[in-house]
Amino acid sequence: MFENLQALPEDPILGLMAAFRADPAPVKIDLGVGVYKDEHGKTPVLAAVRAAEAAVLAEQQTKTYLGPAGNEQFNALMSQLILGDKHTALTSGRVRALQAPGGCGALRLGAELLTTTGSRPTIHVSDPTWANHVPLLSGAGLKLERYPYFDTRSGTVRFDAMLERLNTLPAGDVVLLHGCCHNPTGADLSLAQWRQIADVLLQRRLIPYVDLAYQGLGEGITEDSEGTRLIAATVPEALIAVSCSKNFGLYRERVGLLMVLAGNETQAVASASHLRKIARGIYSMPPDHGAAIVARILSDAKLSNDWRNEVNAMRERMMTLRRALSKALAATCTAEMAAAVDQQRGMFSTLAVTPEAADTLREKHHIYMTRDGRINIAGISLESVDYIARAIGSVVGR
Ligand code: LMR
């Protein structure tokens, strides 16, 4: 049977990690996979995570099963972190949340729920979107289409074109929105634009599916969930997939959450029962360790405060790097590219760099980025910024 399988090319993002590690060059820069890095290029374990992990290990009495919904304390605390504890969606009982194996697991769970409803809607994703959205969502059987989102030249959101497309979609279709820190572009919607989108979704009876993977790394922990809060306050039904990989630095622990917002509490309870059945049929239940750490942090005032400070420091470091890169690009590339990098938010920017130019940057300058021109801002250091800007300038020009 297996003789029919041909070896596949590496994953466009994860494959870069392996290629970077294998590169023997003494000077090499990894702007590929989306992980936070400090000035020394290290991805540290957050101090709040270390302290919470020690407490979890000291206090844990059993490792017996929790069930397909995972850690319920984590589910409740995360729902409050995202929506705010007084949000009407929560107080009306219309929300249920399930812990999931990472943001990817959460996205897939939600996609499986959509196909379970029997209506098999089309899901519309931004053009461009995170490469892994495609297999995660279409793998569940959803038909995938793209709405216009990004103007590569100016580095800004094509908001009118996006709105125009949403205004043509049939009722019941699903629209995937990046809650903040758009991956791969870094071009986010303003709150006023979120409001307009929410109104269109409501009027056309479209279902928003928000992917919130970078909360705290754009404008602030609360600020980055404002769009999601607005959507949840406006529409009757929504899905929200959340990742704790970046803002808690728990990447390999696989910590995520899926929230379902239903028309009423009975429908929310029914939806959650289907989600538990789906989870049971795929992986039975999510791993507990990382979720237990997050629950320990969010239930402890001091740890919570320490964690918030660490998230703020990561965000501010990336803002400093953005400004430095923008300034350096102004001297080597176009003014538009420099301005876009400055205005975009979060871990990524997509530069107007062709796939061939990205190959040249990797082969000649040992700068690793995905072939769509996405760079991880956290992979830059103040020391490397001029080298990076000069190299990009040599393949792009002014
Ligand atoms: C990324 O976009 O680089 C991260 O979300 C890591 C991944 O799984 O692709």
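This one's a predicted model, so the numbers in the text were calculated from it and none came from an experiment. (Residues numbered from 1 in each chain as written. Predicted model: local features only at pLDDT ≥ 70, side-chain atom pairs only at ≥ 80, totals over all residues. Heavy atoms only, no water.)

A. Structural detail: helix α7 (residues 159-166). Of all the positions in α7, only F159, M162, L163 and L166 are classed as buried. Considered in projection along α7, the buried side chains sweep an arc of 95° and stay on one side of the axis. Within α7, the exposed residues directed more than 90 degrees away from the buried face are D160 and E164. The inward-facing, buried residues of α7 abut β4 (143-148), β6 (156-157), β7 (174-178) and α8 (191-204). (Buried < 20%, exposed > 50% of the residue type's maximum accessible area, 1.4 Å probe, protein only. Helix = DSSP H or I, 4+ residues; strand = E, 2+ residues; numbered from the N terminus. Arc of directions from axis to C-beta. Contact = heavy atoms within 4.5 Å.)

B. Quick look at the sheet that holds strand β2 (residues 95-101). With mixed pairing, seven strands are arranged side by side in an open sheet as β2-β10-β9-β8-β7-β3-β4. Taken across any chain shown, the strands that pair with only one partner, and hence form the sheet edges, are β2 and β4. When strand polarity is set aside, the average angle formed by the axes of neighbouring strands in this sheet is 25°. Of the pairings in the sheet, the one linking strand β9 (residues 238-243) to strand β10 (residues 255-261) comprises six bridges and is antiparallel in character. Bridge pairing in β10 links L239 to V260. Seen against the sheet, helix α3 (residues 72-83) touches β2, β8 (207-212), β9 and β10 and runs at an angle of roughly 70° to β10. (Pairing = 2+ DSSP bridges. Axes fitted to C-alpha atoms, helices over the stretch in contact; angles between N-to-C directions.)

C. Representation of the packing of α7 against α8. The geometry of α7 relative to α8 is characterised by a closest axis approach of 10 Å and an angle of 10° between their N-to-C directions. In terms of axis orientation, α7 runs roughly parallel to α8. Here F159, M162, L163 and L166 of α7 come into contact with α8, specifically with Q193, Q196, I197, V200 and R204. Split into classes, the residues belonging to the contact of α7 with α8 amount to six nonpolar, two polar and one charged. (Parallel < 35°, antiparallel > 145°, perpendicular 65-115°, else oblique. Nonpolar A, V, L, I, M, F, W, Y, C, P; charged D, E, K, R; others polar.)

D. Quick peek at the side chain of Q193. One can find Q193 in helix α8. Beyond its immediate sequence surroundings of up to four residues, Q193 is in contact with F159 and D188.

E. Broad picture of the domain arrangement of the protein. Each assigned domain of the protein is listed here: domain 1 (11-44 + 317-396) and domain 2 (50-299). Counting from both sides, the interface comprises 22 residues of domain 1 and, opposite them, 21 residues of domain 2. Carbon and sulfur atoms make up 55% of the surface buried where domain 1 meets domain 2, a total of about 1,600 Å² over both sides. In this structure, the connection of domain 1 to domain 2 is made through two salt bridges. (Domains from an automatic or database assignment. Buried area = accessible area lost by both parts, 1.4 Å probe. Salt bridge = Lys/Arg side-chain N within 4 Å of Asp/Glu carboxyl O.)

F. Representation of the side chain of N376 in the model. Assignment of secondary structure puts N376 in strand β13 (residues 374-376). A distance of 3.1 Å separates a polar side-chain atom of N376 from the backbone oxygen of V33. A distance of 2.9 Å separates a polar side-chain atom of N376 from the backbone oxygen of V35. Those residues in contact with N376, other than ones at most four positions away along the chain, are L31, G32, V33, G34, V35, M347 and F348. (Polar contact = N/O pair within 3.5 Å; in protein donor to acceptor, adjacent residues only side chain to side chain.)

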